[in-house]
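Here is how the chains run, residue by residue.
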Amino acid sequence: VQQVQQSSADKQQALLDSLRRAQQIKDILNAMELDSINHVNQVAAVIATGVEVQVPCVESSFDDETYFRDLGVGTHEGNNEQACRYAAVDAAKGMIKKRLGEFIQGVSTFYTGNYSGTKDKNAVESKVMNKLNGVVEKMLNDADKECEKKFIDPKGNVKWYYVVRIPKNDLKKKFIDV
C-alpha cells in the first residue's frame, strides 16, 4: 500500500514539476514580449510534454507470463533488404540475450555460492554460465517471430522492425535439465 501511495505521490509530483516548467517557459516567453499568448501556450505544452513518436511493432515487444520478447531495428542505405532484416533479427535476439545474460550471471553466482562448496567456485560458476548460455543460444536460434515490418523511404533506404519471442516455460525446463 505504501509503494502504491508513493508511486501515486511521485506521479503527482512529476505532473506538478511539469506544470511549473511550463509556467516558467510561458513567463520567459512573455518577458521576451512575444505577441501571441496562444503560441506561448503551444510552445510550453510541447516542451513540457514532448512529442510522441510511434514505433512499429513496439506494442508486441513486451514480455508477458508466456514469452520473453524484444524488438530489433535494422537499417540499410540502399536496397539490401536481406542485410537489413538480418540486422533487425540479430538486434532483437541480442536484446533478449543481454537481459537473460544478466539473469544467468545471477543464477550462476547464487548456485556457486550456495551449492558448489568452497573448491573451484570460479570453475563451477564458469561451467554453469556456459551451459545456461548454450541453452539461451539454442532457444534464440529457434525463436519465433512476433511482429515484422519493413519500410522503404523515397531514396530506397530500408528500415526493418522485428520482434522475436521465446517461451518462458520451455526455457525454464531446459535450464532445469542443465
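As a convention, each chain's residues are numbered from 1 in the sequence order in which they are written. Given that the model is predicted, a residue must reach a pLDDT of at least 70 before its local features are reported, and side-chain atom pairs must reach 80 or more before they are shown or counted; all residues, however, enter totals for whole chains, interfaces and linings. To obtain the side-chain values, all non-hydrogen atoms of the structure were used and water was disregarded.

This part takes up the side chain of S108. Secondary structure follows DSSP: runs of H or I at least 4 residues long count as helices, runs of E at least 2 residues long count as strands, and numbering of each begins at the N terminus. Residue placement: S108 occurs in helix α3 (residues 81–115). Among all residues touching S108, those that are not within four sequence positions of it are E125, V128, M129 and L132. In what follows, a contact means two residues having at least one pair of non-hydrogen atoms within 4.5 Å.

On a regular strand, each side chain points to the face opposite its neighbour's, so the side chains alternate between the two faces of the sheet. Per-residue accessibility, obtained with a 1.4 Å probe over protein chains only, is compared with the maximum for each type, and a residue is labelled buried under 20%, exposed over 50%, and partly exposed between these values. Most of strand β3 (residues 158–167) is tucked away: seven of the 10 residues are buried. Pairs of strands are assigned from DSSP output, requiring at least two bridges between the strands. As paired elements, strand β1 (residues 67–76) and β3 share 10 bridges and run antiparallel to each other. By the bridge assignment for β3, R69 is matched with R165. In this structure, strand β2 (residues 144–152) lies alongside β3, joined through eight bridges in antiparallel fashion. Bridge pairing in β3 links D144 to R165. Following β2, the chain reverses through five residues before pairing antiparallel with β3; G156 in that reversal takes a positive phi of roughly 95°.

This paragraph deals with unusual backbone geometry. For C57, which is not a glycine, the phi torsion comes out positive at approximately 70°. Structurally, C57 can be placed in the loop between α2 (37–49) and β1.

Every helix has an expected span of 1.5 Å times one less than the residues it contains. Across its 21 residues, helix α4 (residues 121–141) extends 30 Å between first and last C-alpha, which sits within 8% of the 30 Å expected from 1.5 Å per residue. If you check which residues of α4 are buried, you get E125, V128, L132, V135, V136, M139 and L140. Buried residues of α4 fall within an arc of 135° about the axis and therefore sit on the same side. Relative to its buried face, α4 has exposed residues pointing more than 90 degrees away, namely N122, K127, N130 and N141. Each direction from the helix axis to a C-beta atom contributes to the arc, which is the arc of those directions.

Right, let's get into the pattern of salt bridges. When a carboxyl oxygen of Asp or Glu lies within 4 Å of a side-chain nitrogen of Lys or Arg, that pair is called a salt bridge. Under the defined criterion, the tally for this structure stands at 11 salt bridges. With its nearest N and O atoms 2.6 Å apart, the salt bridge here joins R99 to D63. Residue R99 is found in helix α3, and its partner D63 is found in the loop between α2 and β1; the two are separated by 36 residues along the sequence. When its relative accessible area of 33% is taken as the criterion, R99 is described as partly exposed. Between R99 and D70 there is a salt bridge; the shortest N-O distance is 3.2 Å. Taken as a pair, R99 in helix α3 and D70 in strand β1 lie far apart in primary sequence, 29 residues in all. Members of the salt-bridge network, linked through shared partners, are D64, R69, D144, E146 and R165.

For the rest of this paragraph, the subject is the confidence of the model for the protein chain. What pLDDT conveys is the predictor's confidence in a given residue, as a value from 0 to 100. When pLDDT is averaged across the protein chain, the result is 77; 70% of the residues are at 70 or more. No element of the protein chain has a lower mean pLDDT than α2, which averages 48, and none a higher one than β3, which averages 93. Counting interchain partners and residues more than four positions distant, the pLDDT-below-50 stretch residues 27–43 has eight contacts.

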